[in-house]
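Chain by chain, the residues run as shown.
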Amino acid sequence: MTTLTRQDLNFGQVVADVLSEFLEVAVHLILYVREVYPIGIFQKRKKYNVPVQMSCHPELNQYIQDTLHCVKPLLEKNDVEKVVVVILDKEFPPPNSLLSHVEQLLRAFILKISVCDAVLDNNPPGCTFTVLVHTREAATRNMEKIQVIKDFPWILADEQDVHMHDPRLIPLKTMTSDILKMQLYVEERAHKGT
């Protein structure tokens, strides 16, 4: 049996694979915990040895997979500053955003997402979501060159969709390792629409 060393692997690709898989689970779990969609479209699965809820809705799953497929090349090049899941209220977009190594460290993030609803205000009815990818400036200039999926274009977000006026910041989890730094936090609008 051959043992692979760090030099044998494309380290950026390995990290991008692990992070993409984690982000997929995290997005599904955020949508479930925050009740953006009916709980009936979610099924219990296990990831990182933790029970999680994953959507079984084909179109929603395809959107999440396409988004992360487009993010992966940026992760490989270390061009992503942060990935944000924004819960959109019909009247006041965006009311809160949950922000977005190895299984044991990522497991703690998944567990924290599972229980974060206890410290958050309820979402108003009729919420949707979008995923914002904050990139380094150099990556933004090259976005058209790395269009991974033809019918899934990169769109620059409007300033009003990116920044919330006077949000309440709720830190949930921080992780620092030799290869990865991650923070999970919520920016929540002080007064959500009803």
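Residues numbered from 1 in each chain as written. Predicted model: local features only at pLDDT ≥ 70, side-chain atom pairs only at ≥ 80, totals over all residues. Heavy atoms only, no water.

Things to note about the packing of aromatic side chains
Applied cut-off: Between 30 and 60 degrees the pair is tilted, below 30 it is stacked and above 60 it is edge-to-face, where a pair is any two Phe, Tyr or Trp rings, Trp via its six-membered ring, whose centres lie within 6.5 Å. For each residue, the accessible area found with a 1.4 Å probe, counting protein chains only, is set against the maximum for its type, and the residue is called buried under 20%, exposed over 50%, and partly exposed in between. Here a strand is any run of E in DSSP of at least two residues, a helix any run of H or I of at least four, and the numbering for each starts at the N terminus.
Using the criterion set out here, one finds four aromatic pairs in the structure. Consider the rings of Phe22 and Phe109, whose centres lie 6.0 Å apart with planes at 85°: the pair is edge-to-face. Residue classification places Phe22 among the buried residues on the basis of a relative accessible area of 2%. For Phe109, a relative accessible area of 0% translates into the label buried. Seen from their ring centres, Tyr32 and Phe42 are 5.3 Å apart, and the 70° between their planes marks the pair as edge-to-face. Within this pair, whereas Tyr32 is found in helix 1 (residues 11-33), its partner Phe42 is found in strand 1 (residues 42-47), the two being separated by 10 residues in sequence. Take Tyr32: its relative accessible area is 25%, and that puts it in the partly exposed class. Note on Phe42: relative accessible area 8%, which makes it buried. Chaining the aromatic ring pairs together yields one cluster made of Tyr37, Tyr63 and Phe129.

A closer look at the confidence of the model for the protein chain
Filter applied, for reference: The quantity known as pLDDT measures the predictor's confidence residue by residue, on a range of 0 to 100. In what follows, residue pairs with any heavy atoms lying within 4.5 Å of each other are defined as contacts.
Per-residue confidence for the protein chain gives a mean pLDDT of 77; residues scoring 70 or more make up 75%. Averaged pLDDT values for the elements of the protein chain fall to 36 in strand 4 (residues 96-99) and rise to 92 in strand 1. Confidence drops under a pLDDT of 50 for residues 93-101, and excluding neighbours within four residues, the segment shows 58 contacts in the predicted structure.

Re the pattern of salt bridges
The following threshold applies: Here, a salt bridge means any side-chain nitrogen of Lys or Arg that lies within 4 Å of a carboxyl oxygen of Asp or Glu.
Counted according to the given criterion, the structure contains five salt bridges. For Lys72, the salt bridge goes to Asp17, with nearest N and O atoms at 2.4 Å. With Lys72 in helix 2 (residues 58-76) and Asp17 in helix 1, this pair connects stretches of sequence that are 55 residues apart. With a relative accessible area of 25%, Lys72 lands in the partly exposed category. According to the relative accessible area criterion, Asp17 is partly exposed, its value standing at 33%. The shortest N-O distance in the salt bridge between Arg168 and Glu188 comes to 2.2 Å. Residue Arg168 is located in strand 6 (residues 168-176), and its partner Glu188 is located in strand 7 (residues 181-188); the two are separated by 20 residues in the primary sequence.

Things to note about the environment of Val71
Mapped onto the secondary structure, Val71 falls in helix 2. Sequence separation between Val71 and Val83 is 12 residues, and the spatial gap between their C-alpha atoms is 8.9 Å. Residue contacts for Val71: discarding those within four places in its chain leaves Val80, Val83, Val133 and Trp154.

Notes on the pairing of strand 1
Note on strand geometry: in a regular strand, side chains alternate between the two faces of the sheet. We count it as follows: Two strands pair under a simple rule: DSSP has to find at least two bridges between them.
As paired strands, strand 1 and strand 2 (residues 50-55) are joined by six bridges and run antiparallel to one another. Opposite Gln43, over in strand 2, you have Met54 as the bridge partner. Connecting strand 1 to the next strand, strand 2, in antiparallel fashion are two residues, including Tyr48 with a positive phi near 55°.

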